[in-house]
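Structural description and commentary
Here's the letter readout for the chains.
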Amino acid sequence: MPPEAGATRDCPGLLARLIERIRRDGPLTIDQYMHACLHDPRGGYYATRPRLGAQGDFITAPHVSQMFGELLGLWAADLWARLGAPGRVRMIELGPGDGTLMGDVLRAGRSAPGFAEALEIALVETSDPLRARQAEALAGHAPRWLSRVEDIEADLPVILLANEFLDCLPIRQQTAAGERRVGVDGEGRLAFIPPGPVVREWSPALEAVGTAIGSLVATAGGGALFVDYAEPGPGDSLQALAGHEKQHPLANPGAADLTAHVGFPAFLAAAGRAGAQPWPLLTQGDFLRRLGIEARAAALAAANPGRAPTIARQARRLTSADGMGQLFKAACVTSPGLAPPGFS
Ligand code: SAH
């Protein structure tokens, strides 16, 4: 296949192919549109041009500060101890991006004797360019890649982490006049139909991941931690970001990251029905404070006095209500009877 940049008449850009598909097969549901924008092999954002970090399209908590991944690493090591310190455990990350988070997790985890040696690393990732970044970042840890959550084996206890993964799972939207779809208007442009406001969002893909993870932790033993953004309540949360700027979600399919607020109640309920124990949702700010971010920031600043103001600013951004502390939530599901640090 020729790449999107060298598009020919045989391989037009994603926008042109979407318009052609809609004219042929009818309007797309929002989840079909999102899936194409993110994962189309020739034009999808993650499949072809993911750009993470300060120079890219969006920033995530592990890029704000190493403290985020280090605290998750201590959380993981504590969970392992609460599992009885098994000699082998599968450490899984969903959507590891450029590998920064897992790198910080593994470095901090070295402080727990025996933990690093027990780990087998498995990464669930669909994007080839990001798999390459992860291989570089985690060279020496011999990670293994899987394409789907359903492919994770249940033959070892699991510790699973996912930051800003669930927000990529395609959603569907309801308006008062019916399900919202993406069609083509009289001028040949993509348009939402019917045009009214969104009254409800739901995500079969999110619930399927909840079911798969719930069944995995219930069968294998262990726990799964999800950090993502979510504001409760109805409304349209479909959002496109490129170069740190919000864009219209239909403006540039495949060139922007396309996400939605995570429906945590439905996600946790699905995991619970599959046999796992869901824990009450925390804000990211409360979760990181319970894990000791203040002490961690003080220790880092003491070791590095010149960076003290930067470290304090980063900790504030991760925890404060006007930063990521309130909008982002931490969710956990475990095998029944296992009490996860921070939540219990
Ligand atoms: N966790 C990282 C990256 C977040 S971006 C961070 O916090 O910086 C979302 C990640 O999820 C990317 O790695 C993307 O390729 C991956 N992803 C998105 N949808 C996916 C899917 N359906 N299956 C597997 N990985 C997916």
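Scoring rules and cut-offs
Residues numbered from 1 in each chain as written. Predicted model: local features only at pLDDT ≥ 70, side-chain atom pairs only at ≥ 80, totals over all residues. Heavy atoms only, no water. Pairing = 2+ DSSP bridges. Helix = DSSP H or I, 4+ residues; strand = E, 2+ residues; numbered from the N terminus. Buried < 20%, exposed > 50% of the residue type's maximum accessible area, 1.4 Å probe, protein only. Domains from an automatic or database assignment. Contact = heavy atoms within 4.5 Å. Buried area = accessible area lost by both parts, 1.4 Å probe. Salt bridge = Lys/Arg side-chain N within 4 Å of Asp/Glu carboxyl O. Polar contact = N/O pair within 3.5 Å; in protein donor to acceptor, adjacent residues only side chain to side chain. Expected span 1.5 Å × (residues − 1). Axes fitted to C-alpha atoms, helices over the stretch in contact; angles between N-to-C directions.

Some details on the sheet that holds strand S6 (residues 172-175)
Pairing within the open sheet is antiparallel, and its 3 strands lie in the order S7-S6-S10. Every interior strand has two partners, whereas the edge strands, strand S7 (178-179) and strand S10 (198-202), have only one. Bridge count between S6 and S7: 2 bridges; the pairing is antiparallel. Within the sheet, the bridge partner assigned to threonine 175 lies in S7 and is glycine 178.

Description of unusual backbone geometry
The linkage connecting isoleucine 193 with the following residue, proline 194, adopts the cis geometry, with an omega of -10°. Counting through the fold element by element, proline 194 comes out in the loop between strand S9 (190-193) and S10. Phi at alanine 85 is positive, roughly 50°, even though this residue is not glycine. With respect to the helices and strands, the residue alanine 85 is situated in the loop between helix H5 (66-82) and strand S2 (89-94). A relative accessible area of 38% places alanine 85 in the partly exposed class.

Looking at the domain arrangement of the protein chain
Taken domain by domain, the protein chain comprises domain 1 (19-282) and domain 2 (283-330). The C-alpha-based centres of domain 1 and domain 2 are spaced at 23 Å. With 24 residues of domain 1 at the contact, the number on the domain 2 side is 21 residues. Summing both sides of the interface, domain 1 and domain 2 together bury roughly 2100 Å²; the carbon and sulfur share of this comes to 72%. Our count for the contact surface shared by domain 1 and domain 2 stands at 1 salt bridge. Put simply, arginine 296 and glutamate 70 hold a salt bridge, and the shortest N to O gap is 3.2 Å. Counting every contact that joins domain 1 to domain 2 gives 6 residue pairs in polar contact (both at pLDDT 80 or more). Secondary structure elements with two or more residues in the side of domain 1 that touches domain 2: helix H4 (61-64), H5 and strand S11 (222-229).

Thoughts on the environment of alanine 16
Inspection of the secondary structure puts alanine 16 in helix H1 (residues 14-25). For alanine 16, a relative accessible area of 37% gives the class partly exposed. As for alanine 16 and proline 253, which are separated by 237 residues in sequence, their C-alpha atoms are 9.8 Å apart.

What to know about H1
Each turn of an α-helix holds 3.6 residues, which means side chains three or four residues apart point in the same direction. The first and last C-alpha atoms of H1 sit 16 Å apart over 12 residues, in line with the 16 Å expected at 1.5 Å per residue. Looking at the packing, one finds that the buried side of H1 touches strand S1 (28-29), helix H2 (30-39), strand S8 (181-184) and S9. Downstream of H1 by a residue or two, glycine 26 has a phi angle that is positive, lying close to 100°.

Quick look at the sheet that holds strand S12 (residues 239-242)
One open sheet accounts for 3 strands, arranged S13-S12-S14; its pairing is antiparallel. The strands lining the two open edges of the sheet, one partner per strand, are strand S13 (245-247) and strand S14 (257-259). The average angle at which neighbouring strand axes cross in this sheet is 35°, direction not considered. Bridge count for S12 against S14 is 3 bridges, and the pairing is antiparallel.

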